Amino acid sequence: MAIQLDCHSASDLHIECPSGTDDEFQMIYDEIFTLEAYLHTLDLESVKVAVDGGASIGLFSLQLLSRCHSLSTIVAVEPTPISNQFLQHNLQLNNCQSLGTSPLAVIGRSRPVSCSKLTHAQSGAAIFTVPAALTRSSSEDDMTLYTSCSSPGENSCLEQHRNKQTTTLLACAQWCKARLENPTPDTATTVQLSPEDIMLLKEDLAGLQTQLIGLGLSLEEGVTELGTALTKGIANLEKEGADEMDSIQVPALSLSSLLDALRVEDDIDLLKIDVEGLELEVLRGIAAPHWHKIKHIILESTLDQEPAIVSLLAQHFSNVTTHHSKPEISSSGFLHFVPRCLKLCLVVANVPKLQQT
């Protein structure tokens, strides 16, 4: 069953996600469309060829189609089967016509990889969707993808990355239930705390080594209101933290081998990478000829990988910047806290060194 997202900042789009995942994908929608997190210093009119690494259900690809008027090609790579299905479904809901699926021969693999092609009615842009995991090198052996039904957007080929998410989320849910006055998953609860308690609560939240997904705090005149958003958030955290991991096998490709297989010879105006912990491996899988073609990279990184990623990008780009998340006020008025040990930052690289004038 599909659930329609609230496309409040892009009313001309129609986007759906798997049933039971709408909270997660609504948050990702807000990040991409409302906050425009991936558009740092990007000249939209210059983007003709883009790679969407970790395309999920197609949110960023749809943003490119709606905003980049010179766009000719998108390569969208997503290993999770259900997300890949919704990627193609959402593209077709938004004026993209399917041209069919065909096997794609990739160097390093004797077995071909499936590749679907679509075309955008308005712009004529070609979109290639590939159900594979991007990593350092293409391999005859498939990779193990650790999956979760309740949060497919966080599926990862790194077991420790997925484990860290689930265990810390569950710990956060248990902490919240113990710290607050009797909240229940299905009952809205309002708790009034003293200024001292508010200070302790804020300090505890700031120090939590976890990601608070869907958890909100509204602070007004020294009173913390813990209502539906909080109790719903706790229920989501418990569900996600207790969700047992499954695993499937998916094709493993380097970015360079994929671009060669698709015969993408033009410059890559934009490379976006959000692959749940494998970002550094994806960068290490870019061959020298392709580094010379990439003009702009934006990727999501955990803090522990940030120094290595910045160092590698600095070898190829003159301008490398990081953008660390800060607590954001959502449209509903709740303050969302960002992760710490799972904390993410955006790394942006542009001005390729070999193209300086």
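Residues numbered from 1 in each chain as written. Predicted model: local features only at pLDDT ≥ 70, side-chain atom pairs only at ≥ 80, totals over all residues. Heavy atoms only, no water.

1. So, the pairing of strand 15 (residues 296-302)
Two faces belong to every sheet, and in a regular strand the side chains alternate between them.
Phase 1 of the analysis: Most of strand 15 is tucked away, with seven of its seven residues classed as buried.
Phase 2 of the analysis: Relative to strand 15, strand 14 (residues 270-273) is paired through three bridges, and the arrangement is parallel. Bridging from a neighbouring strand, Leu-271 pairs with Ile-297 of strand 15.
Phase 3 of the analysis: Of the strand pairs in this sheet, strand 15 and strand 19 (residues 344-352) are connected by seven bridges, and their pairing is antiparallel. In the sheet register, Ile-297 faces strand 19, and the bridge partner there is Ala-349. (Buried < 20%, exposed > 50% of the residue type's maximum accessible area, 1.4 Å probe, protein only. Helix = DSSP H or I, 4+ residues; strand = E, 2+ residues; numbered from the N terminus. Pairing = 2+ DSSP bridges.)

2. As for the pairing of strand 6 (residues 113-120)
Phase 1 of the analysis: Bridge analysis of strand 5 (residues 96-104) against strand 6 gives seven bridges, and the strand direction is antiparallel. Across the sheet, Ser-102 pairs through a bridge with Cys-115, a residue of strand 6.
Phase 2 of the analysis: In the sheet, strand 6 pairs with strand 7 (residues 126-130) via four bridges, with the strands oriented antiparallel. Within the sheet, the bridge partner assigned to Leu-118 lies in strand 7 and is Ile-127.
Phase 3 of the analysis: The antiparallel pairing of strand 6 with strand 7 creates a hairpin that spans five residues between the two strands, and Gly-124 there sits at a positive phi of about 80 degrees.

3. Topic: the packing of helix 1 (residues 22-34) against helix 2 (residues 59-67)
Phase 1 of the analysis: Closest axis-to-axis distance for the helix 1/helix 2 pair is 10 Å, and the angle between their directions is 35 degrees. Our pair here, helix 1 against helix 2, has a crossing hand that is right-handed. Facing Phe-25, Ile-28, Tyr-29, Ile-32 and Phe-33 of helix 1, the residues of helix 2 in contact are Leu-59, Phe-60, Leu-62 and Gln-63.
Phase 2 of the analysis: Its residues placed into classes, the contact of helix 1 with helix 2 shows eight nonpolar, one polar and no charged. (Axes fitted to C-alpha atoms, helices over the stretch in contact; angles between N-to-C directions. Left-handed = near helix turned anticlockwise from the far one by under 90°. Contact = heavy atoms within 4.5 Å. Nonpolar A, V, L, I, M, F, W, Y, C, P; charged D, E, K, R; others polar.)

4. Describing the packing of aromatic side chains
Phase 1 of the analysis: The tally for this structure, following the rule as stated, stands at three aromatic pairs.
Phase 2 of the analysis: Centroid distance Tyr-29 to Phe-33: 4.7 Å. Interplanar angle 20 degrees. Geometry classified as stacked. With Tyr-29 and Phe-33 both in helix 1 and four residues apart, the pair spans about one turn of that helix.
Phase 3 of the analysis: For Tyr-29, a relative accessible area of 0% puts it in the buried group.
Phase 4 of the analysis: Relative to Phe-60, the ring of Tyr-38 lies with its centre 5.2 Å away and its plane at 75 degrees, an arrangement referred to as edge-to-face. Taken together, the residues span a long stretch of sequence, with Tyr-38 in the loop between helix 1 and strand 3 (49-53) and Phe-60 in helix 2 at a distance of 22 residues. Here the two residues Tyr-38 and Phe-60 agree in accessibility, since each one is buried. (Phe/Tyr/Trp six-rings, centres within 6.5 Å; stacked < 30°, edge-to-face > 60°.)

5. Describing the sheet that holds strand 14
Phase 1 of the analysis: The nine strands lie next to each other as 5-6-7-4-3-14-15-19-16, forming an open sheet whose pairing is mixed. A single partner strand is all that each edge strand has here, and the edge strands are strand 5 and strand 16 (317-324). Shown here is a sheet whose adjacent strand axes are inclined to one another by a mean of 15 degrees, direction ignored.
Phase 2 of the analysis: Sheet analysis places strand 3 next to strand 4 (residues 73-77), joined by five bridges and oriented parallel.

6. Some points on the confidence of the model for the protein chain
Phase 1 of the analysis: Across the protein chain, the average pLDDT comes to 76, with 66% of residues at 70 or higher.
Phase 2 of the analysis: For the stretch residues 327-342, pLDDT sits under 50, and the model shows 43 contacts to residues farther than four places along the chain or on other chains. (pLDDT = per-residue confidence, 0-100.)

7. Points about the environment of Ile-309
Phase 1 of the analysis: Mapping Ile-309 onto the fold places it in helix 10 (residues 306-314).
Phase 2 of the analysis: A relative accessible area of 0% means that Ile-309 is categorised as buried.
Phase 3 of the analysis: Taking the C-alpha atoms as reference points, Ile-309 and Val-347, separated by 38 residues in sequence, lie 8.2 Å from one another.
Phase 4 of the analysis: Ignoring any residue separated from it by four or fewer positions in sequence, one finds Ile-309 in contact with Glu-279, Leu-280, Leu-283, Leu-299, Ser-301 and Val-347.

8. A short note on the side chain of Thr-129
Phase 1 of the analysis: When you line up the elements, Thr-129 lands in strand 7.
Phase 2 of the analysis: The class for Thr-129 is buried, based on a relative accessible area of 0%.
Phase 3 of the analysis: Setting aside residues no more than four positions away along its own chain, Thr-129 makes contact with Ala-76, Leu-87, Gln-88, Leu-91, Ser-114, Cys-115, Ser-116 and Leu-118.

9. With respect to unusual backbone geometry
Phase 1 of the analysis: If you check the backbone angles, Arg-263 has positive phi at about 60 degrees while not being a glycine.
Phase 2 of the analysis: Structurally, Arg-263 can be placed in the loop between helix 7 (255-262) and strand 14.
Phase 3 of the analysis: If you check the backbone angles, Glu-276 has positive phi at about 50 degrees while not being a glycine.
Phase 4 of the analysis: Its place among the elements puts Glu-276 in the loop between strand 14 and helix 8 (279-284).

10. Some thoughts on helix 2
Phase 1 of the analysis: Among the nine residues in helix 2, seven count as buried, and that is most of the element.
Phase 2 of the analysis: Residues of helix 2 that are buried include every one of Leu-59, Phe-60, Ser-61, Leu-62, Gln-63, Leu-64 and Leu-65, and no others.

11. Quick look at the side chain of Gln-63
Phase 1 of the analysis: With respect to the element layout, Gln-63 can be found in helix 2.
Phase 2 of the analysis: Other than its neighbours up to four places away in sequence, Gln-63 contacts Ile-32, Phe-33, Glu-36 and Leu-39.

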